[in-house]
Structure formats: structure tokens, C-alpha cells
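So the chains spell out like this:
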Amino acid sequence: MTNPVHLVINGRTVRAESDWSVLEAAKHHGVKIPHFCYLEGVHQIGSCRICVVEVEGMRSLQASCTIPVREGMVVKTSTARVKKAREVLYELMLSDHPRNCLSCFRNQNCEFQKLGEEIKIPDCRFEGEKSKDSVDASTPSIFRDTSKCILCRRCVTVCSEIQGVGVLGVNNRGFKTTIGPAADLPLGSSNCANCGQCVMVCPTGALLTRADMSPVWNALFDPKVRTVVQTAPAVRVALGEMFGMPPGAIVTAKMAHALRLLGFNDVFDTNFAADLTILEEGTEFLNRALSAVRGEPTVLPMITSCSPGWIKYVEHEFPGQLAHLSSCKSPHMMLGALAKTYYARKIGADPKNMYVVSVMPCTAKKFEITRPEMFIDGRPTVDAVLTTRELARMIKEAGIDFNSLEGSGFDEPLGLSTGAADIFGATGGVMEAALRTVYEVVTGREIPFPALDVTPVRGLSSVKEASLTLEDVKPEFRELEGFTVRVAVTSGLKGAKRLMKEVADGTAPWHFIEVMGCPGGCIAGGGQPRPTTRTIREARMRAIYAEDAGKPRRKSHENQAVLALYDDFLGKPLGHLSHELLHTHYTPRGRFNELTPKGS
Amino acid sequence: MTPDTTLFRPTSKADLDAVAARWHEGQATKKHQLLVCAGAGCVSSGCHAVKHALLAAIKDAGLGNDTVVHETGCLGSCALGPTLVVQPDGVLYTELKPEHMKGIVKQHLVHHEVVEAHCWVDPATKEPVPLLSDIEFFHRQTRLVTARCGSTPYASIEAYIASDGYQALAKVLAGMTREQVIQEMRASGLRGRGGGGFPVGAKWQAGFKAKGAEKIVVCNADEGDPGAFMDRSLLEGDPHAILEGMLVAGYAIGASQGYVYVRAEYPLAVERLEVAIRQAREWGLLGPNVMGTPFAFDVEIRIGAGAFVCGEETALMHSVEGKRGEPRQKPPFPFERGIFGKPTIINNVETLANVPVILRNGGAWFASLGTPKSSGTKVFALAGKIENTGIIEVPMGITLGEVVHDIAGGIPKGKRFKAAQTGGPSGGCLTREHLNTPIDYDSLVHLGTIMGSGGLIVMDEDSCMVDVARFFLDFVQDESCGKCVPCRIGTKRMLEILTRITKGQGKEGDIDLLEELAANCRETSTCGLGQTAGNPVLSTIRLFREEYEEHIRDRHCRAGVCSDLFKSPCQNACPAGVDVPGYLALIAAGRPRDAYYLVRRENPFPAICGRVCTHPCEDKCRRAQLDEPVAICDLKRYAADYVFANDEPHRDLVFPKKAESIGVIGAGPSGLTCAYYLARLGYGVTVYESLPVAGGMLASGIPEYRLPKEVLAKETRLVEQVGVRILTGVEVGKDVKFEELQKKHQAIYVATGTHFPNKAEIPGEDKAGIAHGVSFLREANLGRAVEIGSNVVVIGGGSTAFDAARTVLRLGAQKVTVLYRRQVEDMPADPREIKEAREEGVEIIPLVAPVEFLGNGSVTGVRCVRMELKGFDDGGRRKPRTVPGSEFVVEADMVIPAISQHSDLPFIDRDEVQLTKWGTLVVDKETMMTRKPGVFSGGDVVRGPDVAIQAIADGKRAARAIDRYLGGTGVLNKGEEIPIPRPVDESDVAEHERFPMRFLDPESRRKGFQEVAAGFHRLNAIAEAMRCLRCDRR
């Protein structure tokens, strides 16, 4: 693709691709250059200048993350001049940073601290005004403490370039420069999707997930409260990282065990609700498809609704297209609703005394549970959402030696699931699970992919497409004979925007679209352990598919507990009770979170 | 525009020539062309009202058919606006008001008489100068790109064409290849006028070679340096020239799109450029087929929000693209990847304005202007402490001194040039020693500054260089885009340190920190803004380090700017730190006695200083900005006179004795001051004076008519009264050995002054009738017999020269002539002395230097040579040079060379102390101690010839140092505190000149040695003291 060039780094001639930066070339050849704002493959703007190097023939030092390699370039990465420059730069950054590290949420997990370890300075000689000092607690998901912001701008890049949301930007100039929504509005007054991808890349404590551990502890410590917990599919393949395990370690059983030790009365699995979702959503899709072939008014493509970041995004950006969304609540909201109705009735508990906690890889779920349309009888169905990171912190706080736990299973009845539910945690998973069920429901045969693996919808590509023709259908679906279901899958809101533009323009060729708000799906959600790199995403994804492959039942419609639920309680998919408990509606929003849709 | 031309689309040089001919014919039918300057400066000073009044006056006078009134761009003399140039007479009228128009029309246009009342007045001669071409500000300029500004109506495309407009475009399109155009630009040597000075031809070549279907030319009009408005003037005054430059650039590199990126703060420029673009499109000069050829080029205006950083080309490109204006890494350079990824060439306004000039006249012609490596001219915006502010265009290589002193008219109010800032906040300073420096790209870089876009801010002695650095840092800090750490935080920290220093909270090591931070900015910032942000700091530290040190160490701001460091500018300026507003307030309150004692707390000689002080306080008096400085010195004298006249008993008491005794050598102002304060601390002090009287130079050097002996004696007695023993007629080394004094005293203060005249060092200096200034004055002042001539020549321009001249006159000389090698205004003597001498009949011949004393045995005359001032010396003064063949003889029977003087220290072993090459003693700056332990020194013997108040200040500092040396705290006993009256509310600060003091008339003066100044009347003194603005009330 590119012609290799040769350059000299610290006296050694090395080869590099011509589109590499000096930093990349150095890294490739084992030369470590301290860097800070740079984030591989994501962010390279050279704002912190820590990675400066000497380049022969250039008067000033050059940020190695932004300067492209050139043939014959001579680079020195560690000279007295460079060392001095880095020290002063670090000292300057430190002079504009609160030094209350011991009480900071990111203590010992802070890239700025680590940099200080790398670039030792004896003293901070510059005491002066601090540039930013404000706290933004306006959203239930993301907490901003701008005093800790060091303007690396990774969050800006992620928000605008990766997610395409563009809420976070740069305001003001000079020393007064701040990062935040336009006009320094609070996040809660913006079109922030609460995806939390900014939190994932923030090197310091400037962007945090709002911490909800306290109310959960209170509920756990209160003997009158029945505490119910559920865990999302993506948590079990990431939680281990918080305890030093390699990315992709599967800790399902240890996690369930730890939750019991924490004191939860019922340890359920959101996977149960994932299977349930497939039945509801699959039915919804079939109904829409049938209407379409019949020429009845309907809205296609139908788009999944599991990802609350995506939901908020589409409400802001495409308020006129909300009818495309499946009306299904996200799985944990379904489970929350069932816990406080079906399960409460079953155990004879008063829902008022129940406290439902969802452990999620997601920051947007924290916002989701506050949506008024999710309330039943004026009460939330899920009382608190903990991220993977928060759960790990609680486990640590409780003194549980996670790594040596034996492990246990989930509780019945809301703890049973199939492999189809596991793969909800990765991009394409919902689509794959839905196709497994829909195809079999319509044709009576298993989906024609080896080992049920619908590989075209798997992987980290921004947009994936597949099509599947329904042939030899069961008599009751004869109208769908020969119907080719065209599906698209995307993760990350930038891809979603691309697809939604086509949907809005009426040019979208698909019938069914899966959208996950975070790139890679829930395994890379805003609540997952840091860092989340491409390699780590892939490892977690592999673990997810391994969970699926290892399950005896891998199709949602084979989940016996779900079937029992229909028999005992709900009746049938899309039935009256389903509609009441498992489905929802959406709110058109404007650019700044005003509840007036644009273009409507 | 006449209807027949609206659809005219010229396609050739001949077409353009026809348009030009028609325009010139039209103008020729008018007797007068009246050019009203309508640059933004003149617009704000009301030129439109003037123009309307002018039109009305013309109509009333019935001259409508004979005259035409044009609005032109900026003439450059912005401080004089609104202006009017009457052509073809070439007369300039300045500072016009609408009500002047009737008179000017009547007198000038009807009666053909120049109205001198509205002409520019030369501040030096106070004479009106009617002709524009006679005014130095204009005739020293070379106007290439500003040629049409002030001479051609900016809104008329015909007028532009009539002044060679679009000829360059026609020439290029009529047969030059793109390579030839670029070659012409290369040959011209034109360098980018935006600051960096990158060769334009090379840039265009890169743009030409860059691969891309579409290319872009950008005119960078984001002019943001404080005080700079060259580009605005060009855009407002000659917008078509910019378009023509862009067209040629577009043709050369193969671009079809041009953008003018101009700041929103320039609405007038935008408006006029819009008109020009519209006209050019109508005339087929912009658009799909420029001048009927296949070349397509159009221009759009992009308005920036006024971010300084958007002048940086990558930030500018982001801004044009609609992004936040922030720079990015280069490479890739704009010619590789520019606006929307297309190859882009960015030149600033002035650069582009040069393009048509070059293409019309040829690159070689252009290269012959200016210097070899900086060809052509440069437009500067002159601002700051100069007489003539505004826009000028001068050839590259002109010296800074010519710009500051000749074109800009020098520094107002007789102040001295201190520094000039070039290159705006990215640049640095040039100082007095750089006045002979040619202004070109490389010389400036060599001196640690840059050309920049052409802002030139001149500073005088009232500018504090730390504060200047702080100002620029404040600007840069605000304008940083905030992306890079060094520029965002580093500049802020530098600003904080500088602010701290100017507030008197500087710390040791601050200068090092500033240098470190500035270096870090330069080394690690992405863009030019950050890389150069520390330049003003580095430059001022390099050139004015001692000012930084004074702020930090002494909490002193010599310029009197950093107001946290002092009570009032006058007190700050006084070497002895006298509380000036305090004693003025006491005089105003009718308490002259308290005033006298308040002065005496800091200076034991109020009556003496009230007569002979050079009063640096008055140079800093804020009142001068309103009318004249308060007569601070004379008021001090008034207070002293009052106390003496009323002969009130002295308040000083005897102080508890200490064991140590101190010997002071020399009873001059420095020795006596030191002795006085030491005695008040209880030390036994003995002063050894070789002359028969105490007073040093005050007694031997200053004639009685300036300082009566009685006054000197009175204040000397007051020193004795606190316990000081003064032994006159005792010469150390002769009458008493220095070693004996060392044994006798625990510390010694050497303050022997400079009593030995320097020689003129020209042939014949040993002739009879030649008496050197200090020696002559000493003999005369001590009442010894001196021989005098009747025709006396005095050589020199200082106080000694004038004291000698006036003394010899009083002793009976018939004719006294002072020869001086510079101009009278350059004389170091006090202007009042010069004035009085002239009143008394002393003649002054300036600009001459003696080369030989003539005569056999006795002097009969001085052979002199005329001098001319050319260039500048290291001190920033114009340098005298002999005019070859200009020798002449001044006859004289007595000659008094009064050039300078030096010290002699026969009693000290030279090997034991350190002497400078001027023979002055070397002392430690802090402790004032010489190499010999316990031996301190101060006053002229350390400083070289200086003024009394400095000697007094030294004596005081020495008293502190000696006390500390002997184990004391160094805190002086100054006497009782005197409460100062609160200022009365002075809401009415009406202008009022000084209240008069009484002087003896010149005739009676000549007859004897009676004191010339007779002092204030009480009422005038009180009134004069009330002129004080009380800067101390804060």
C-alpha cells in the first residue's frame, strides 16, 4: 500500500511504512518514547508535546506522534534537550492539576500519575492560577470534574471522530481553554448519548462514570430490602481484567459467587431477558415483514433497541425516524420489570421492598433507568445500574478474594439462558440470535450456517451486511416464501449515523438493522475496564462466542424458563402483558436535549 | 462609473490604456483634485463630515465644475487626520474639522493662497510646512505598494486602471508562461511580508509543482499584531491591487479559487474589497474567463472572528474550512495539503500587493531596491512614543534610527529613545545601540528579533521593559489556541511570574524560570505563535536584565511604571527616595517647615538640592501629561528658604553614642550624607576634607550665583550639629596617612569625587591662557585670584562648561563663546542654565569641535572643525562626525576646556583596590565595600562624574551598609515621622502652567555673583504645590 522509507532513530537505521508517524516507527522498532495524549489508532494531535524528539534539520523539537516519517530522517528520542523539555512540560501540566490524588477516583489507575513515574521531576516550581474548576453532574451517566482535565482531547476525538456525536468540543482560548459541550453547557443539556466512550479514554479523573455504589451498599445493608441483581452478557468476559486476569477471561461463575457474597438475595442473569427479547423482537419483526409483503402499512427496516446510548442518539439526531425502532425494552429493563411483577408475585414479595440492580458494561443504562416510560406504578423497575468497574470496586471493598472464588450458578427462574443470549454482548449478536430463531420459526429448520455461527455479522467492521432467503417455509408463513431478509449490523454511533441517513432518505435496502452504541458492542461499553483496545475487544469477543459455543442450548426459543414464563404469566409474545411490561416508546428530542424534535 | 463603461470588459493592455486615458482626460478638466483621506483612522476622526462640508463649500463657492473631490485610502499620517491634499498644488491640510472647509475653499481654491493655519507644523522649528513633499515623514519614504493609498480613489476601478492597474495581469495573460511568472518572482527576491520572510518565488514554485486538480490562493489579511494595521490600510486603500496580486498568483500556480481571509474587526476593508470584487467581476477581471482568456479565477471573502492565531497558516486553513482555528503539524505544508486537502498558497496582503509592482517593472528592478537579501520596501505601522505615528513604506535596509528619528520625528517631550519592538508579540526589542542597524530580515534575526508583519512600537525611557514583556505575554497568553501545553500553560506561568515581578513580589531565580519556560515554548510548541511566545521575554531579559534585577532585588522600577513598587513616580525617580507628594502637600497646606523636615528625612540638603538638583523627579511628573511638571525642585528650595528665613531652632538632638568611629574622606554631598546618617545612629564620625571648606563640588564646582556659600554653610552646619566632626584642610595621604585612619576608625567611607579635569588632548593644550573647567571653577569659587581673558571660549556642553562660562563672564570677560560638538538640545546641562547663560550674553556655537589651540606661548584662538550628525552612538544619540574641509578659527585669549573630569586616589595603594579603566573605584554593588575590608566608597569616585542627588543617595546607602558591617540592622534614624495631609478632593484638574518664580534680570546678574533665582512668593509656592496630582493617593 505504501512504500517503505528508511530513517535513523538513535543512530540505528530502521524501516517504516511511509504513512507512519515517528512514534509508530519507534514503537515498531522497540524504541520507547514517552507519550501522553496519543492513543493508538484513535488520537494523535500532538497537544501534550510529551513525545517530542529531536529531528535533524528542524529547529524545534517535534511531536513524534504527529510528525510523519520521511526518507533519510534522523531522529533522536532521548537527549538532554528532549529530556529537559519533557520535564518542563510535565511540570507545567502538573501546575494546572489538582494534586489530591489520594482521594481521586483514578488513584493508581491514572495515566497522568504513570507519566509522572516515567518523567521524574523533583518539584513543581510553578504555582499559579488553575484554569478550570467545575463539576458537571448533570447526567446520571457521566460525571465531569474539569479541574482534572488536562486537555489531551482524546474525549473530543472519540466523541466526534469515533462516535460522530460531537458533543464534546473545545471552548475558549489560551489558558481558559476548556473541554465540554458548546458554550460550556452541562452535558445534561446536550445531545450526549451517555455512551461513555469518552470516559473510557480519559487518562485522568476528569471524566468518570457516575458512581452508584453507595445506594446499592445501603440496600444490601438493609435487612428489609430484597436485593435482586442481574448481570449483562458482556460483564462476565471483562470483569476478570479488574482482578489482573487476561482480557477475555470468562468469570461467570466467580461473578455470581461474588454477588452472593456481597449479599444479593437473587442473582439473576440479564441473558434470560435477552432470550426473551429475541422472542418479542423476532415476533415483532415477523409481523412487520408479513405486513410488508401483504402491502399493509408498516415501518421497515426495523432497528434493534437494546442499546440505550443508541436510543438517546437516535432520539436527538433522527427524531422523525423513531418508528423504525423495535418497541422492545432493553433486556435488563425487561428483567427489571419481570422481577418486580412476575417474580415478586411468585415469591410473595412487595415490589416496594425490592431493590433491583443491573450490572452492566454500559453507562447509558444509568440514564435509561431514569426514563419515566420505564416506570411501573410510579416506581423504577431497575433501581441502580453498576458498571463492570463499579462491581469490581465493590468486590474489592468487601474484601472478597475474587480470583480464588469457587463459583456458583445463577438463580432460577430468571437466571437461565441460551448461547443466543450470550452473544448479545458483542456486535452482531442480537442479529445472530434473532436470525437463529426467526429462521427456525419460519422454516422449521436450523439456520443454514455451520454450527449456527452467522459469521457475516460478527467482527469489528463498522458496518456488516448479510442476507438470508426464507425458503420452504412453514405453511403459516407461506406469504414469506422466497423472502430475502436483508440485515445490517453496526456498532459505534458513527456507523449508525451512516445507516440512519439512508433510512431517513428511504434508500436503505435492509429489513432489519442491529445498532450498538459502542464500537464492538457491549464488550467495549463505557462501563468496561480500561483500557479497551482493539486487541482487548477481540479477546472479549472471542470469550463471548466461546460461552455461546459451550452452551447446550443456543437458540432463544429453546430457553425453557422463557417458555415457562409465557405459559405461566405472559401468554404469548407481543401479548397484552408483554406489551405492558416489555415494550416501550420513544421521545423525540432536539439538538440540545430540548424535548422538541427537529424537522417535525 | 459612467454608463458606457459598465459593460466594458478589457481583454488587452490597449483596452486598459484606453480606460486610463479616458480617466486622465476627465481629471484634466478639473482645476483641483481634492483628496480626502478615508482610511479607517481618518474615518473615525470624522473625515466624512469634513468631506461633506468641503463639498458644500465648493458648491457655495460655485467651483463644482472646476474641482473634484476623491476619497482615498490611508495617507499614513493617521495622527494628523482628517487630512486633505489639494492637487496639483501638493498642499496638505491636517487635523481638519468641517468648519475649516469654507475658509480653505475660499482662500486656497478661490484666492490660491495656502491656509497655513491648517498646515502641518514641524515640532522642531514650529513652522508650518504646506507642501506634502517637504515633510520629512513623507519625502523619506519610498512608496511602491502604498503609492495609491492617499492619492487614488479606492472605490474606482477606472482610477486603479489609470494608475497602471491590471497592467501586470494583462502582461502575464498576454504571453507569459506560468514558469516565467514564477521566474520573475524568484528574480525579484520578494520575501513574504507576513513575518517569516519565506521567498515568495519558492513558495509559488512549490504550489505550481504540487499535484492537485484544484488549487487555492489565499490572501492572509488576519493582521493581529497589537498596533499593526498595514494590511488594513492596503485593503482599504488599494483593494484592486490585492486582487491583481491574487490573480497573478492564481495564474502562476494554476489555481482557480482565491480566498481573502480577513478579520471581522476590519469592516471597512471588507466593504471596500467586496466592491472591488464586484467591479472586477463586472469587468471580466475575475470569473471564468479572466480578460477573455481561458484562465478562470474568482475570489471569495472569508471573515475570521479575530483570533490572532488564525494568522498562522494552518490555523487559517482550519478556519476557512469552518473548523476551530487551531494550527496543526507542518509538514504536510499547505502547498502539499491545504484547504479541503487542496494545494494552497498563502501570502499576506502586503506580499500580494507587491506582485503587480514586480510584474510591471520586472523582478530585476525590484531586486535592485532594498538590500541584496531583503529586496524591495517594507510597510511599517509606527506606534508608541514618537511624534509621527501612522503607516510608512521605506526601502529595506533603512536604519532604525532613520525611521525613529527622521521619519517618525523622534521621541516627544525631549525624552530618550529606549527600545523599539518589531515583530509584535513574536518579536523582540531593538535598543539604542541598534539605531544604526539596517532593517532587513536577516539583520533583525541576527539581533534576536524578527521583521514580523511590520508593527514597530517605539518606547522611551518611561517604558518599563518588564512591563512591556508582561504586556506581550498577556496578549499571547490570551490568543494562544490552547492546544499545546507549553503555549497554553507555559505562557500563563510566564505571565504570572512577570506579573509577580511587576508587583514587587519577584523572587531570586525568576529570571531563570522565565528563560526556561520561554525556551520550552520555543522548543516544543506546534506553531509559530507558541514557538515565538517567549521572544519578548527573552529579548527584554537579554537587553534589559538589570531592569529585571532591580525589580526583583531592589523592588524598584526605574521607568516608574510598576506602580505597586512605589508611592508616586516622582519619589520613585528620586535617587534619594524623597517623599515628593508628601512635602508638596505640606507646602500646599501652608506647612513649609514640615515640608523641609520631611525632605530632610531622606536628604540632609534640601536647601542645596532645591538649587542645584537635576530633579529627575520632574521628568516623571504625571502633571506633564496635562500641562507642565510641577516645579518640585523650586518648591523644595522654597520650603528650605522659609525655614532659614524664620531661623527656627533646629530640632535635632544628640544621639546615644556607640563605640565605633567612622572616617569619611571627602566632605562632598556623598561624604556628608553618609556622615550625617551614621552620626544619627550614634557613631563617632570624622570627615577629612583637603579643601579649606566643606561641600566638595558644591563648594568648589558650583558658583555662588547658583548656590550661595551661606546656604551651603548652613546645611553643612546642620550636619555638624548631629555630632559630625569636619576637619577641613586635611589632605589624606599628605596630612594624615590612610593607614592611620584605618587604625583609628572601624570603617572608612571614601567619597573624594572627581576633581581632576580631563584634557582635550589636542595640540597646544599647554599654552598660557588655557584653564580647565573644574580647576578654574575651584580657584574662582574659593575666591582665589584667577586670570581671565576678555574673549573667552569654553569647550563643552555640560554644567561645568556653563558654570565656567557664566563665572568668567561675571569676572569681567567681554565675550564668552561655548563650543559644542552636538546640537544645543543634546547638551547635558540643564536647559534653564543654558537659557540663563544665553540671556546673560553667552554665545553658543553648536556642531563644532576644537582640533588645535593656536598661539605662541599664549593662546590666541582655537582651530575648529564643523561637525555633522550622522548615525547614532551606542547611547542612542546622534553621532557627530567632522565635516571635511570645514576648518575655521575662533579667536580667543582664554580657553576653558570643560570636557569631563576624573578622580585621583593618591593615598590608596592601587594594587590593594580595584579600579576601572576610567579610574573609578570598584565596589561591591550590594555592600558598597571596596576590595579592602572596612573601606567603603560611593559618589563620583565610584560612578564617575554624576549629579549631587546620586552622591547623596550613595552616602545614604553607604551609611546603611556600614551600619550593617558593624553589626547594626542598617535601618537609619531619619528623624521623626511627619504625617502628610490627606489630599483634598481635586475633581477640578484644570490645566495650568507653572506658577512663576522670581529671577534676577540678566543685566544685574552679569555684574556679580548674586543668586540668579530669587525663589517663590509664598502664594505662588502654595499654588504651585497644589498643582500636584497626588499620585500617591491610591
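Predicted model, so just to flag it, every value in this text is computed and none were measured. (Residues numbered from 1 in each chain as written. Chains lettered and ligands numbered in written order. Predicted model: local features only at pLDDT ≥ 70, side-chain atom pairs only at ≥ 80, totals over all residues. Heavy atoms only, no water.)

## Some points on the nonpolar core
Residues and elements named next belong to chain B.
Argument step 1. Residues Tyr583, Leu584, Val724 and Ile962 are the most contacted members of the largest nonpolar core, which totals 80 residues.
Argument step 2. With eight residues, helix H28 (residues 632-646) is the largest single contributor of residues to this core.
Argument step 3. The contact partners of Val724, leaving out residues within four places of it in the chain, are Ala675, Tyr676, Ala679, Val685, Val687 and Val719.
Argument step 4. Counting 71 residues, the second largest nonpolar core, distinct from the first, contains Cys74, Ala168, Trp204 and Leu235. (Core = buried A, V, L, I, M, F, W, Y, C linked by side-chain atoms within 4.5 Å. Buried < 20%, exposed > 50% of the residue type's maximum accessible area, 1.4 Å probe, protein only. Helix = DSSP H or I, 4+ residues; strand = E, 2+ residues; numbered from the N terminus. Contact = heavy atoms within 4.5 Å.)

## Concerning the pattern of salt bridges
Argument step 1. Applying the stated criterion to the full structure yields 112 salt bridges over all chains.
Argument step 2. Ionic pairing is found between Arg173 of chain A and Glu479 of chain B, a salt bridge with its closest N-O pair at 3.3 Å. Of this pair, Arg173 of chain A sits in the loop between strand E8 (169-171) and strand E9 (178-180) while Glu479 of chain B is found in helix H18 (residues 465-479), placing the two residues in two different chains.
Argument step 3. Between Glu440 of chain A and Lys555 of chain A there is a salt bridge, with its nearest N and O atoms 3.0 Å apart. Placement of Glu440 of chain A in helix H14 (residues 429-443) and of Lys555 of chain A in the loop between helix H16 (534-550) and helix H17 (560-570) is noted, with a sequence separation of 115 residues between them.
Argument step 4. Glu440 of chain A sits in the buried class, given a relative accessible area of 15%.
Argument step 5. Its relative accessible area of 4% is what places Lys555 of chain A among the buried residues. (Salt bridge = Lys/Arg side-chain N within 4 Å of Asp/Glu carboxyl O.)

## Here's the deal with the environment of Val86 of chain B
Residues and elements named next belong to chain B.
Argument step 1. Relative to the helices and strands, Val86 is located in strand E3 (residues 84-87).
Argument step 2. We classify Val86 as buried; its relative accessible area is 1%.
Argument step 3. For the pair Val86 and Cys864, spaced 778 residues apart in the sequence, the C-alpha separation amounts to 47 Å.

## Focus: the interface of chain B and chain A
Argument step 1. Every contact between the two is made by 35 residues of chain B and, on the other side, 40 residues of chain A.
Argument step 2. Here chain B packs against chain A, burying approximately 3,000 Å² in sum over the two surfaces, 50% of which is carbon and sulfur.
Argument step 3. At the surface where chain B touches chain A, the tally comes to eight salt bridges.
Argument step 4. Counting every contact that joins chain B to chain A gives 23 residue pairs in polar contact (both at pLDDT 80 or more).
Argument step 5. Those elements giving two or more residues to the side of chain B that touches chain A turn out to be H18, helix H19 (485-502) and helix H20 (510-524) of chain B.
Argument step 6. No other element matches H19 of chain B, which puts nine residues into the side of chain B that touches chain A.
Argument step 7. Residues that form the side of chain B that touches chain A fall into these classes: 10 nonpolar, 11 polar and 14 charged. (Buried area = accessible area lost by both parts, 1.4 Å probe. Polar contact = N/O pair within 3.5 Å; in protein donor to acceptor, adjacent residues only side chain to side chain. Nonpolar A, V, L, I, M, F, W, Y, C, P; charged D, E, K, R; others polar.)

## With respect to the sheet that holds strand E15 (residues 455-460) of chain B
By definition, the strands of a sheet pair up through backbone hydrogen bonds, in either a parallel or an antiparallel sense.
Residues and elements named next belong to chain B.
Argument step 1. In space, the five strands of this open sheet follow the order E12-E11-E15-E13-E14, with mixed pairing throughout. Two strands bound the open sheet, and with one partner strand each, they are strand E12 (390-395) and strand E14 (428-431). Taken over all neighbouring pairs, the strand axes of this sheet differ in orientation by 30° on average, direction set aside.
Argument step 2. As judged from the four bridges shared by strand E13 (residues 417-422) and E14, these two strands associate in the antiparallel manner. Looking at the pairing, Gln421 lines up with Cys429 of E14. (Pairing = 2+ DSSP bridges. Axes fitted to C-alpha atoms, helices over the stretch in contact; angles between N-to-C directions.)

## Some points on the packing of aromatic side chains
Centre distance and the angle of the planes are the two values used to describe a pair of aromatic rings.
Argument step 1. Summed over the entire model, instances satisfying the criterion amount to 22 aromatic pairs over all chains.
Argument step 2. With centroids separated by 5.4 Å and ring planes inclined at 15°, the aromatic side chains of Trp217 of chain A and Phe221 of chain A adopt a geometry described as stacked. Taken together, the residues Trp217 of chain A and Phe221 of chain A, both in helix H6 (residues 213-221) and four residues apart, mark about one turn of the helix.
Argument step 3. Taking the centre distance of 6.4 Å and the plane angle of 55° together, the rings of Trp365 of chain B and Phe366 of chain B count as tilted.
Argument step 4. Given a relative accessible area of 32%, Trp365 of chain B falls into the partly exposed group.
Argument step 5. Looking at Phe366 of chain B, the relative accessible area reads 0%, which means it is buried.
Argument step 6. Cluster of aromatic residues (ring-pair linked, three or more members): Phe36, Tyr90 and Phe112 of chain A.
Argument step 7. For the cation-ring pair, Lys396 of chain A lies above Phe243 of chain A, with the distance from its terminal atom to the ring centre recorded as 5.3 Å. (Phe/Tyr/Trp six-rings, centres within 6.5 Å; stacked < 30°, edge-to-face > 60°. Lys NZ or Arg CZ within 6 Å of the ring centre and 35° of its normal.)

## A few points about the sheet that holds strand E19 (residues 747-750) of chain B
Residues and elements named next belong to chain B.
Argument step 1. Judged by pairing direction, the sheet is parallel, and its five strands sit side by side in the order E18-E17-E16-E19-E30 without closing on themselves. Looking along the sheet, the strands with just one partner apiece sit at the ends: strand E18 (724-728) and strand E30 (935-937). Adjacent strand axes in the sheet meet at a mean angle of 20°, parallel and antiparallel pairs treated alike.
Argument step 2. The sheet strands contacting helix H29 (residues 669-680) are strand E16 (661-665), strand E17 (684-689), E18 and E19, and the helix crosses E17 at an angle near 165°.

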